[in-house]
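Residue strings, one per chain:
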Amino acid sequence: MTNARQLVWFRSDLRTLDHPALYQARQQGEVLAAFVITPAQWQQHGWGALKTAFVLHNLAALQQQLQTLNIPLKILQLQTFAETPAALLQLAQQHQVSNLLFNDEYEWNEQQRDQQVEQVFLSSGIAVQRFTDQLLLPPGSLLTGKGEAYSVFTPFWRRWLQALPTAKLHPLPEPQPQHPGQLTTDPLPVLPQHPALHLWPAGQAAALQRLQDFSGQRLMAYQQQRDFPALDGTSSLSPWLAVGALSVRQCLAAALHVSHGQISDKNTGPGCWVSELVWREFYRNLLLAFPRLSRGRTFKPETERLPWRSLNNSKVQRDLQAWQSGQTGFPLVDAAMRQLLATGWMHNRLRMLTAMFLSKHLLIDWRVGEAFFMQHLVDGDLASNNGGWQWAASTGTDAVPYFRLFNPYSQSQKFDPQGDFIRNWLPELAHLDHKAIHQPPVDKMDLFGSSNYPQPIVDLKMARDRVMAAFESLRSSP
DNA sequence: TCCCCGTTGAC
DNA sequence: TCAACGGGG
Ligand SMILES: Cc1cc2nc3c(=O)[nH]c(=O)nc-3n(C[C@H](O)[C@H](O)[C@H](O)COP(=O)(O)OP(=O)(O)OC[C@H]3O[C@@H](n4cnc5c(N)ncnc54)[C@H](O)[C@@H]3O)c2cc1C
């Protein structure tokens, strides 16, 4: 048994630290690692160039780290998930593997793929071992009184807090190096470049460094600072969490460390931050329990009938393009969209604002915005992105009530009071003071060079009335 | 993880 | 004229 060869299939868990499948495999025998590149599938999932590049650069970092452990990495270059089971099995048989080990993923297509992989391996006499990795607590371990998945966050959070003290959540160490074997590591594909990639250094070492930097003053002040996009109030760890260069247990351990092992509510910096990790957890559980979410359906069935404005209409097309390019005439919305385009990341407060602006004020189908985010985000993640969009569009479970509309000007005054964030991303408005910048006066004569900043593309009162009416129409009609 | 609008009462 | 507040969406 100890010499039996173990195949560890890496997916969205590109690290060697705290890796359940890798750690267990190393205990069981000689480890061979594999990664499957499926560009056509990734494209179908709406990944953008930046996210794809980030994944591949993290793969390169993983390869290096595995080399220090004498673990060879095989790379299968395919197109889709459909080809994966056969190709992976061939690899396994070629190298006389006795066990396949991998960490679970929760999206529908990924689940289907993994089920097929498991079947072909089992019927070829290769054992399959699956591990919980992305979730702190295994799915299904937290259920409502009725034995169902939670669809409301607050009770989920309460149960989660109850379960925390007895859960085994210590990060696993990196496995010991193994004796060098005969198998060789495959060459990497050419690594794509992207202008924003330098903002997101690949690999677990960079991720841990950021976690460390965050886990002091900033974590303590998180609850006070996290809503102000001009501050460095949040961790910016989402890209590494999304590709698994960092584990959620490593994050939790850091938070527990600064809060002396205790998290009892979300009224402290660490407690509040952990509650955000649990939101991630909540959305992953939802995606697993409700497969329709992976297939573009709304959580609330009646909201499928919302009368979104048609993209065949050229005015609607122009509104969409204005939103996408940061030219809506609402400064904080535009600054946020330009942050997304330039960096591949956007502050949470602004994701909520821009998502609500598109789906509510412009009354454009949230799925269009969801796809656009996925195309540009470096941390693009189906569960969290879909969860966030359905939250903002009020089509989700435990979403914002449809009438609780953000006003882009009030949000701007509240959360960017000095206008620093706007000034940073909209140079054409940089001359305006903290009072004027939220709602710039018309600069007809181009005295300040801001005449090319657009006028608001929509009247807020009209937009508000329109979206309220749209939601209210759901009640009366069948 | 909200905003709007009408009312009230102090000036 | 304006802050404070409550109801409603
Ligand atoms: C419309 C919309 C789309 C979103 N799309 C994504 C996405 O594609 N990928 C993604 O990772 N997050 C997404 N989020 C959630 C959230 O905005 C980001 O996780 C967060 O902004 C990342 O920044 P951070 O790492 O500094 O977060 P921190 O505040 O430091 O939080 C720590 C971690 O907790 C998790 N987290 C925080 N807030 C949330 C949340 N509201 N929901 C789920 N997880 C959360 C993230 O993994 C994050 O890295 C979306 C939110 C909205 C409203």
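Criteria and cut-off values
- Residues numbered from 1 in each chain as written.
- Chains lettered and ligands numbered in written order.
- Predicted model: local features only at pLDDT ≥ 70, side-chain atom pairs only at ≥ 80, totals over all residues.
- Heavy atoms only, no water.
- Helix = DSSP H or I, 4+ residues; strand = E, 2+ residues; numbered from the N terminus.
- Rg over C-alpha atoms; globule rule 2.2 N^0.38 Å.
- Buried < 20%, exposed > 50% of the residue type's maximum accessible area, 1.4 Å probe, protein only.
- Contact = heavy atoms within 4.5 Å.
- Areas by Shrake-Rupley, 256 points an atom, 1.4 Å probe, with all protein chains shown as cover.
- Lys, Arg positive; Asp, Glu negative; His and termini not counted.
- Charge placed at Lys NZ, Arg CZ, Asp CG, Glu CD.
- Domains from an automatic or database assignment.
- Buried area = accessible area lost by both parts, 1.4 Å probe.
- Salt bridge = Lys/Arg side-chain N within 4 Å of Asp/Glu carboxyl O.
- Polar contact = N/O pair within 3.5 Å; in protein donor to acceptor, adjacent residues only side chain to side chain.
- Nonpolar A, V, L, I, M, F, W, Y, C, P; charged D, E, K, R; others polar.
- UniProt positions renumbered as here; feature names shortened; annotations may be inferred.
- Patch = residues over 30% accessible without salt bridge, like charges linked within 9 Å, V, L, I, M, F, W, Y side chains within 5 Å.
- Near = heavy atom within 4 Å.
- Axes fitted to C-alpha atoms, helices over the stretch in contact; angles between N-to-C directions.
- Parallel < 35°, antiparallel > 145°, perpendicular 65-115°, else oblique.

Q: How would you explain the overall build of chain A if you had to name every residue and give the values?
A: Counting secondary structure elements, chain A contains 20 helices and five strands. In summary, chain A has a C-alpha radius of gyration of 24 Å against a globular reference of 23 Å for 478 residues, a match within 12%. Taken along the three principal axes of its C-alpha coordinates, chain A extends 75 × 50 × 45 Å. The proportion of buried residues among the 478 residues of chain A is 56%. Within chain A, counting contacts between residues at least 6 apart in sequence, those at least 24 apart form 77% of the total. For chain A, the exposed surface amounts to about 20,500 Å²; the carbon and sulfur share of it is 53%. The averaged location of the 38 negative side-chain charges in chain A is 5 Å from the averaged location of its 41 positive side-chain charges.

Q: Could you give an account of the domain arrangement of chain A, with specific residues and numbers?
A: According to the domain assignment, chain A contains domain 1 (5-133), domain 2 (134-171 + 205-289) and domain 3 (301-476). A C-alpha centroid distance of 27 Å is found between domain 2 and domain 3. Taken together, the contacts link 20 residues of domain 2 with 23 residues of domain 3. A combined buried area of about 1,700 Å² lies between domain 2 and domain 3, and 62% of that area is made up of carbon and sulfur atoms. On the domain 2 side of the contact with domain 3, Asp227, Pro229 and Tyr283 bury the most area, a combined 33% of that side's loss. Linking domain 2 with domain 3 are two salt bridges, by the criterion used here. Taken together, domain 2 and domain 3 are joined by seven residue pairs in polar contact (both at pLDDT 80 or more). When contributions to the side of domain 2 that touches domain 3 are tallied by element, the ones reaching two or more residues are helix 6 (153-163), helix 10 (238-243) and helix 12 (269-289). Top contributing element to the side of domain 2 that touches domain 3 by residue count: helix 12, with six residues. Its residues placed into classes, the side of domain 2 that touches domain 3 shows 11 nonpolar, five polar and four charged.

Q: Tell me about the UniProt feature "site: Electron transfer via tryptophanyl radical" (unreviewed entry) in chain A, residues and numbers included.
A: Residues annotated by UniProt as "site: Electron transfer via tryptophanyl radical" (unreviewed entry) correspond here to Trp308, Trp366 and Trp389. Residue classification places Trp366 among the buried residues on the basis of a relative accessible area of 0%. Those residues in contact with Trp366 that lie beyond four places of it in its chain are Gly296, Arg297, Thr298, Trp308, Ser359, Asn386, Trp389, Gln390, Ala393 and Thr395. Topologically, Trp389 is positioned in helix 17 (residues 382-392).

Q: Explain a nonpolar patch on the surface to me, and be specific about the residues and the numbers.
A: A cluster of nonpolar residues, Met445, Leu447 and Phe448, forms a patch on the protein surface that exposes about 410 Å² of accessible area. Summarising the element assignment, Leu447 is placed in the loop between helix 19 (420-425) and helix 20 (460-476). By relative accessible area, Leu447 is classed as exposed at 66%.

Q: With reference to specific residues and values, describe the side chain of Arg284.
A: Relative to the helices and strands, Arg284 resides in helix 12. Setting aside residues no more than four positions away along its own chain, Arg284 makes contact with Tyr106, Gln134, Leu135, Asp381, Ala383 and Ser384.

Q: Tell me about the protein's contact with DNA strand C, and please be specific about residues and values.
A: All residues adjacent to DNA strand C are Tyr402, Phe403, Arg464, Met468 and Glu472. In DNA strand C, atoms within 4 Å of the protein come 29% from sugar and phosphate. Looking at the surface near DNA strand C, its residues break down into three nonpolar, no polar and two charged.

Q: Break down the packing of helix 13 (residues 314-325) against helix 14 (residues 331-343) for me, with residues and values.
A: Orientation of helix 13 relative to helix 14, taken along the N-to-C sense of each, is 65°, at an axis distance of 7 Å. When the axes of helix 13 and helix 14 are compared, the pair comes out roughly perpendicular. Where helix 13 approaches helix 14, its residues Trp323, Gln324 and Ser325 are matched on the opposing element by Val333, Met337, Arg338 and Leu341. Taken together, the residues of the contact of helix 13 with helix 14 sort by class into four nonpolar, two polar and one charged.

Q: Give a detailed account of the site of the ligand, specifying residues and quantitative values.
A: Neighbouring residues of the ligand: 28 residues in total, closest Tyr222, Thr234, Ser235, Ser236 and Asn348. In this structure, Trp273 approaches the ligand through a side-chain N or O atom, which is 2.9 Å from an oxygen atom. Notes on the ligand: free accessible area 820 Å², of which the protein chains cover 96%. Elements that contribute at least two residues to the shell around the ligand include exactly helix 10, helix 12, helix 15 (348-361) and helix 17. The biggest single contributor to the shell around the ligand is helix 12, with six residues. Of the residues in the shell around the ligand, the class split is 14 nonpolar, nine polar and five charged. Taken domain by domain, the makeup of the shell around the ligand includes at least three residues from each of domain 2 (134-171 + 205-289) and domain 3 (301-476).

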